[in-house]
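Structural overview for review
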Amino acid sequence: MNLILLGPPGAGKGTQAKMLEDKFGIAQISTGDMLRAEVKSGSEIGLRAKGIMERGELVPDEVITAMLKARVARPDCAKGFILDGFPRTAPQAASLDSMLKESGLKLDHVIELKVDDAALVGRISGRFSCAKCGVGYHDSFKQPAKAGVCDSCGGTEFSRRADDKAETVAARLEAYHRQTAPLLPYYAGQGKLKAVDGMASMAEVARQIGEILSGKA
Ligand code: ADP
Ligand code: ZN
(Lines give C-alpha, C1' and ligand atoms only; values in the text may rest on other atoms or scores of the structure.)
(Ligands and ions follow the chains in the order given, each with its own letter.)
Protein backbone atom coordinates (compact mmCIF):
# COMPACT_ATOMS: atom_id res chain seq x y z
CA MET A 1 0.00 0.00 0.00
CA ASN A 2 1.40 3.37 -1.04
CA LEU A 3 -0.06 6.52 0.44
CA ILE A 4 0.49 10.25 0.41
CA LEU A 5 -0.55 12.42 3.34
CA LEU A 6 -1.15 15.99 2.20
CA GLY A 7 -1.82 18.98 4.38
CA PRO A 8 -0.29 22.16 5.76
CA PRO A 9 2.48 22.17 8.38
CA GLY A 10 1.04 21.18 11.74
CA ALA A 11 -1.89 19.26 10.24
CA GLY A 12 -0.80 16.08 12.01
CA LYS A 13 0.70 14.20 9.07
CA GLY A 14 3.65 12.92 11.07
CA THR A 15 1.47 11.62 13.91
CA GLN A 16 -0.83 9.75 11.55
CA ALA A 17 2.06 8.45 9.43
CA LYS A 18 3.71 6.94 12.52
CA MET A 19 0.45 5.21 13.48
CA LEU A 20 0.02 3.81 9.97
CA GLU A 21 3.61 2.61 9.98
CA ASP A 22 3.00 0.63 13.16
CA LYS A 23 -0.37 -0.70 12.02
CA PHE A 24 0.52 -1.82 8.49
CA GLY A 25 4.29 -2.31 8.58
CA ILE A 26 4.77 0.19 5.77
CA ALA A 27 7.53 2.78 5.91
CA GLN A 28 6.94 6.38 6.93
CA ILE A 29 8.95 8.60 4.63
CA SER A 30 9.20 12.13 6.01
CA THR A 31 11.32 14.33 3.78
CA GLY A 32 11.39 16.89 6.63
CA ASP A 33 12.87 14.30 9.04
CA MET A 34 15.35 13.19 6.38
CA LEU A 35 16.46 16.78 5.80
CA ARG A 36 16.80 17.44 9.53
CA ALA A 37 19.04 14.35 9.76
CA GLU A 38 21.15 15.72 6.89
CA VAL A 39 21.45 19.09 8.65
CA LYS A 40 22.45 17.37 11.88
CA SER A 41 25.11 15.27 10.19
CA GLY A 42 26.52 18.31 8.37
CA SER A 43 26.31 16.61 4.97
CA GLU A 44 26.43 18.52 1.70
CA ILE A 45 22.63 18.33 1.37
CA GLY A 46 22.29 19.45 4.98
CA LEU A 47 24.51 22.48 4.45
CA ARG A 48 22.41 23.46 1.44
CA ALA A 49 19.09 22.90 3.17
CA LYS A 50 19.68 24.46 6.59
CA GLY A 51 19.09 28.14 5.80
CA ILE A 52 16.23 27.38 3.43
CA MET A 53 14.42 25.40 6.11
CA GLU A 54 15.01 28.04 8.77
CA ARG A 55 13.38 30.61 6.49
CA GLY A 56 10.38 28.31 5.96
CA GLU A 57 11.05 28.00 2.23
CA LEU A 58 11.24 24.84 0.13
CA VAL A 59 14.43 22.96 -0.66
CA PRO A 60 15.05 22.66 -4.45
CA ASP A 61 13.08 19.93 -6.18
CA GLU A 62 16.09 18.10 -7.61
CA VAL A 63 17.67 17.70 -4.16
CA ILE A 64 14.46 16.32 -2.69
CA THR A 65 13.64 14.07 -5.61
CA ALA A 66 17.08 12.44 -5.60
CA MET A 67 16.83 11.89 -1.86
CA LEU A 68 13.37 10.33 -2.18
CA LYS A 69 14.35 8.05 -5.02
CA ALA A 70 17.13 6.51 -2.93
CA ARG A 71 14.80 6.20 0.05
CA VAL A 72 11.97 4.27 -1.66
CA ALA A 73 14.51 1.75 -2.97
CA ARG A 74 15.35 0.67 0.58
CA PRO A 75 14.09 -2.75 1.77
CA ASP A 76 11.73 -1.38 4.43
CA CYS A 77 9.55 -0.02 1.62
CA ALA A 78 8.86 -3.49 0.25
CA LYS A 79 5.32 -3.52 1.67
CA GLY A 80 4.72 0.09 0.76
CA PHE A 81 5.21 3.58 2.10
CA ILE A 82 3.49 6.64 3.49
CA LEU A 83 4.83 9.86 2.06
CA ASP A 84 4.73 12.63 4.66
CA GLY A 85 5.84 15.99 3.31
CA PHE A 86 6.41 14.87 -0.28
CA PRO A 87 5.43 15.82 -2.95
CA ARG A 88 5.22 19.51 -2.13
CA THR A 89 5.39 21.04 -5.61
CA ALA A 90 4.02 20.19 -9.06
CA PRO A 91 7.46 19.08 -10.38
CA GLN A 92 7.87 16.78 -7.36
CA ALA A 93 4.47 15.22 -8.08
CA ALA A 94 5.46 14.67 -11.70
CA SER A 95 8.77 13.06 -10.65
CA LEU A 96 6.91 10.81 -8.25
CA ASP A 97 4.55 9.68 -10.99
CA SER A 98 7.40 8.71 -13.28
CA MET A 99 9.33 7.08 -10.43
CA LEU A 100 6.32 4.92 -9.56
CA LYS A 101 5.73 4.02 -13.17
CA GLU A 102 9.36 2.95 -13.66
CA SER A 103 9.16 0.65 -10.64
CA GLY A 104 5.73 -0.72 -11.53
CA LEU A 105 4.17 0.74 -8.39
CA LYS A 106 0.99 2.70 -7.91
CA LEU A 107 -0.45 5.14 -5.43
CA ASP A 108 -3.44 3.82 -3.53
CA HIS A 109 -4.70 6.99 -1.86
CA VAL A 110 -3.82 10.61 -1.36
CA ILE A 111 -5.25 11.70 1.97
CA GLU A 112 -5.76 15.36 2.68
CA LEU A 113 -5.78 16.51 6.30
CA LYS A 114 -8.04 19.54 6.29
CA VAL A 115 -7.33 22.17 8.96
CA ASP A 116 -7.74 25.89 9.26
CA ASP A 117 -4.72 28.16 9.27
CA ALA A 118 -5.71 29.92 12.50
CA ALA A 119 -5.34 26.68 14.50
CA LEU A 120 -1.99 25.78 12.96
CA VAL A 121 0.14 28.50 14.45
CA GLY A 122 -0.92 27.45 17.97
CA ARG A 123 -0.39 23.78 17.23
CA ILE A 124 3.04 24.28 15.77
CA SER A 125 4.46 26.80 18.17
CA GLY A 126 3.78 24.57 21.18
CA ARG A 127 5.17 21.37 19.84
CA PHE A 128 8.24 19.44 20.90
CA SER A 129 9.42 15.86 20.51
CA CYS A 130 11.43 13.17 22.24
CA ALA A 131 15.07 13.48 21.20
CA LYS A 132 15.50 9.71 21.40
CA CYS A 133 12.43 8.17 19.68
CA GLY A 134 10.89 11.18 17.95
CA VAL A 135 7.41 10.89 19.42
CA GLY A 136 5.63 14.25 19.38
CA TYR A 137 4.22 16.28 22.28
CA HIS A 138 2.61 19.67 22.79
CA ASP A 139 2.78 22.25 25.60
CA SER A 140 -1.01 22.61 25.78
CA PHE A 141 -2.49 19.55 24.10
CA LYS A 142 -0.26 16.59 24.88
CA GLN A 143 2.25 16.66 27.70
CA PRO A 144 3.99 13.37 28.63
CA ALA A 145 2.08 11.54 31.40
CA LYS A 146 5.07 12.02 33.72
CA ALA A 147 6.64 15.46 33.30
CA GLY A 148 10.00 15.30 31.56
CA VAL A 149 9.80 11.59 30.68
CA CYS A 150 8.83 10.26 27.26
CA ASP A 151 5.74 8.01 27.37
CA SER A 152 7.06 5.81 24.58
CA CYS A 153 10.71 5.22 25.39
CA GLY A 154 11.40 6.72 28.81
CA GLY A 155 13.82 9.24 27.29
CA THR A 156 14.34 12.46 29.21
CA GLU A 157 15.60 14.76 26.47
CA PHE A 158 13.30 16.70 24.23
CA SER A 159 13.82 19.01 21.31
CA ARG A 160 12.06 21.78 19.44
CA ARG A 161 12.44 22.40 15.72
CA ALA A 162 14.32 25.51 14.65
CA ASP A 163 11.54 26.35 12.17
CA ASP A 164 8.67 26.10 14.65
CA LYS A 165 8.86 29.81 15.53
CA ALA A 166 5.80 31.98 14.76
CA GLU A 167 7.63 34.04 12.05
CA THR A 168 8.77 30.94 10.19
CA VAL A 169 5.41 29.23 10.51
CA ALA A 170 3.80 32.06 8.50
CA ALA A 171 6.31 31.50 5.67
CA ARG A 172 5.73 27.74 5.75
CA LEU A 173 1.97 28.24 5.49
CA GLU A 174 2.48 30.60 2.59
CA ALA A 175 4.66 28.02 0.81
CA TYR A 176 1.97 25.41 1.41
CA HIS A 177 -0.83 27.47 -0.08
CA ARG A 178 1.17 28.68 -3.04
CA GLN A 179 3.16 25.56 -3.97
CA THR A 180 1.55 22.50 -2.39
CA ALA A 181 -2.21 23.13 -2.32
CA PRO A 182 -2.33 23.08 -6.16
CA LEU A 183 -1.56 19.34 -5.91
CA LEU A 184 -5.04 18.76 -4.45
CA PRO A 185 -6.86 19.22 -7.79
CA TYR A 186 -4.06 17.27 -9.50
CA TYR A 187 -4.76 14.18 -7.38
CA ALA A 188 -8.51 14.74 -7.42
CA GLY A 189 -8.21 14.54 -11.22
CA GLN A 190 -6.53 11.12 -10.84
CA GLY A 191 -9.47 10.02 -8.67
CA LYS A 192 -7.14 9.44 -5.70
CA LEU A 193 -7.92 12.29 -3.33
CA LYS A 194 -9.82 11.69 -0.06
CA ALA A 195 -10.15 14.23 2.74
CA VAL A 196 -10.29 13.80 6.51
CA ASP A 197 -11.06 16.33 9.23
CA GLY A 198 -7.66 17.31 10.60
CA MET A 199 -9.30 19.43 13.31
CA ALA A 200 -10.73 16.30 14.97
CA SER A 201 -8.89 14.37 17.71
CA MET A 202 -5.92 12.21 16.73
CA ALA A 203 -7.99 9.08 17.33
CA GLU A 204 -10.85 10.37 15.18
CA VAL A 205 -8.50 11.32 12.34
CA ALA A 206 -6.99 7.83 12.54
CA ARG A 207 -10.49 6.33 12.40
CA GLN A 208 -11.38 8.37 9.30
CA ILE A 209 -8.17 7.29 7.59
CA GLY A 210 -8.95 3.68 8.52
CA GLU A 211 -12.32 3.96 6.73
CA ILE A 212 -10.62 5.23 3.59
CA LEU A 213 -8.06 2.43 3.62
CA SER A 214 -10.71 -0.23 4.12
CA GLY A 215 -12.71 1.18 1.23
CA LYS A 216 -15.63 2.35 3.39
CA ALA A 217 -15.17 6.07 2.75
P1 ADP B 1 6.04 20.70 8.07
O2 ADP B 1 5.20 19.90 7.14
O3 ADP B 1 5.58 20.59 9.48
O4 ADP B 1 6.27 22.10 7.62
P5 ADP B 1 8.42 19.11 7.42
O6 ADP B 1 9.16 18.48 8.51
O7 ADP B 1 7.66 18.26 6.46
O8 ADP B 1 7.49 20.16 8.12
O9 ADP B 1 9.41 20.03 6.54
C10 ADP B 1 10.26 20.99 7.13
C11 ADP B 1 10.99 21.78 6.06
O12 ADP B 1 11.79 20.89 5.24
C13 ADP B 1 10.10 22.49 5.04
O14 ADP B 1 9.66 23.75 5.52
C15 ADP B 1 11.04 22.60 3.84
O16 ADP B 1 12.00 23.63 3.99
C17 ADP B 1 11.79 21.29 3.88
N18 ADP B 1 11.11 20.24 3.08
C19 ADP B 1 10.55 19.10 3.56
N20 ADP B 1 10.02 18.37 2.56
C21 ADP B 1 10.24 19.07 1.43
C22 ADP B 1 9.90 18.87 0.06
N23 ADP B 1 9.23 17.77 -0.34
N24 ADP B 1 10.29 19.80 -0.84
C25 ADP B 1 10.96 20.90 -0.46
N26 ADP B 1 11.30 21.16 0.81
C27 ADP B 1 10.95 20.27 1.76
ZN1 ZN C 1 10.82 8.77 23.37
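All figures in this text were calculated on a predicted structure; none of them were measured in a lab. (Residues numbered from 1 in each chain as written. Chains lettered and ligands numbered in written order. Predicted model: local features only at pLDDT ≥ 70, side-chain atom pairs only at ≥ 80, totals over all residues. Heavy atoms only, no water.)

Regarding the coordination of the zinc ion (ligand 2)
Rules: Excluding water, the donors of a metal are its N, O and S neighbours within 2.8 Å, or within 3.2 Å for Na, K and Ca, and that exclusion means sites may look incomplete. A four-donor site is called tetrahedral if each angle lies between 85 and 135 degrees; a four-donor site is square planar, and a six-donor site octahedral, when trans pairs exceed 155 degrees and the remaining angles lie between 65 and 115; all other cases are labelled irregular. Under the scheme used here, helices are H or I runs from DSSP no shorter than 4 residues and strands are E runs no shorter than 2 residues, and both carry numbers assigned from the N terminus.
Binding of the zinc ion (ligand 2) to the protein goes through Cys130 (SG), Cys133 (SG), Cys150 (SG) and Cys153 (SG), at separations of 2.3 Å. If you look at the zinc ion (ligand 2), its four donor atoms make angles of 101 to 114 degrees with each other, and the shape they trace is tetrahedral. In terms of primary sequence, the donors binding the zinc ion (ligand 2) are separated according to C-x2-C-x16-C-x2-C. Highlighted residues: Cys130 in strand β5 (residues 127-130) and Cys150 in the loop between β6 (136-138) and β7 (158-159), separated in sequence by 20 residues.

A short note on the pattern of salt bridges
The following threshold applies: Every case where a carboxyl oxygen of Asp or Glu lies within 4 Å of a side-chain nitrogen of Lys or Arg is listed as a salt bridge. Only protein chains enter the area calculation, which uses a 1.4 Å probe; residues under 20% of their type maximum are buried, those over 50% are exposed, and those in between are partly exposed.
Across all of its chains, the model carries 16 salt bridges by this definition. We note a salt bridge from Arg55 to Glu57, for which the minimum N-O separation is 3.3 Å. In this structure, Lys114 and Glu112 form a salt bridge, with 3.7 Å as the shortest nitrogen-oxygen distance. When its relative accessible area of 47% is taken as the criterion, Lys114 is described as partly exposed. A relative accessible area of 10% places Glu112 in the buried class.

Details of the packing of aromatic side chains
Note the threshold: When two rings of Phe, Tyr or Trp (its six-membered ring) have centres within 6.5 Å they constitute a pair, described as stacked for plane angles under 30 degrees, edge-to-face for angles over 60, and tilted for the intermediate range.
Applying the stated criterion across every chain, the model contains four aromatic pairs. Where Tyr137 meets Phe158, the ring centres are 5.9 Å apart and the plane angle is 80 degrees; that geometry is what we call edge-to-face. With Tyr137 in strand β6 and Phe158 in strand β7, the pair connects residues that are 21 residues apart, well separated along the chain. Relative accessible area serves as the criterion here: at 26%, Phe158 is assigned to the partly exposed category. A connected cluster of aromatic rings, assembled from ring pairs, spans Phe128, Tyr137 and Phe158.

Things to note about the packing of helix α1 (residues 13-24) against helix α9 (residues 202-213)
Here is the rule we go by: Lines fitted to C-alpha atoms define the axes here, with helix axes fitted over just the stretch in contact, and angles between the N-to-C directions of these axes take values from 0 to 180 degrees. Throughout this description, any angle smaller than 35 degrees is read as roughly parallel, any larger than 145 degrees as roughly antiparallel, any in the 65 to 115 degree range as roughly perpendicular, and the remainder as oblique. By definition, turning the near helix anticlockwise from the far helix through less than a right angle yields a left-handed crossing, and turning it clockwise yields a right-handed one. Contacts were defined at the residue level, with two residues in contact if any of their heavy atoms lie within 4.5 Å. Polar here means any residue outside two lists: the nonpolar Ala, Val, Leu, Ile, Met, Phe, Trp, Tyr, Cys and Pro, and the charged Asp, Glu, Lys and Arg; Gly therefore counts as polar.
Contact geometry of α1 with α9 gives a least axis separation of 11 Å together with a crossing angle of 55 degrees. As summarised for this structure, α1 and α9 are arranged oblique, according to the angle between their axes. In the crossing of α1 with α9, the sense of the turn from one axis to the other is right-handed. Touching Thr15, Gln16, Met19, Leu20 and Phe24 of α1 are Met202, Val205, Ala206, Ile209 and Leu213, all from α9. A per-class count over the contact of α1 with α9 returns eight nonpolar, two polar and no charged.

So, α9
Keep this limit in mind: Multiplying 1.5 Å by the helix residue count minus one yields the expected span of that helix. It is the directions from the helix axis to the C-beta atoms that the arc portrays.
In a regular helix each residue adds 1.5 Å, so twelve residues correspond to 16 Å; α9 covers 16 Å between its end C-alpha atoms and thus fits that length. Within α9 the residues assigned to the buried category are Val205, Gln208, Ile209, Ile212 and Leu213. What you see down the axis of α9 is that its buried residues fit within an arc of 140 degrees, all on one side. As for α9, its buried residues are in contact with β1 (2-6), α1, β4 (109-114) and β8 (193-197). A positive phi of about 80 degrees marks Gly215, the residue just after α9.

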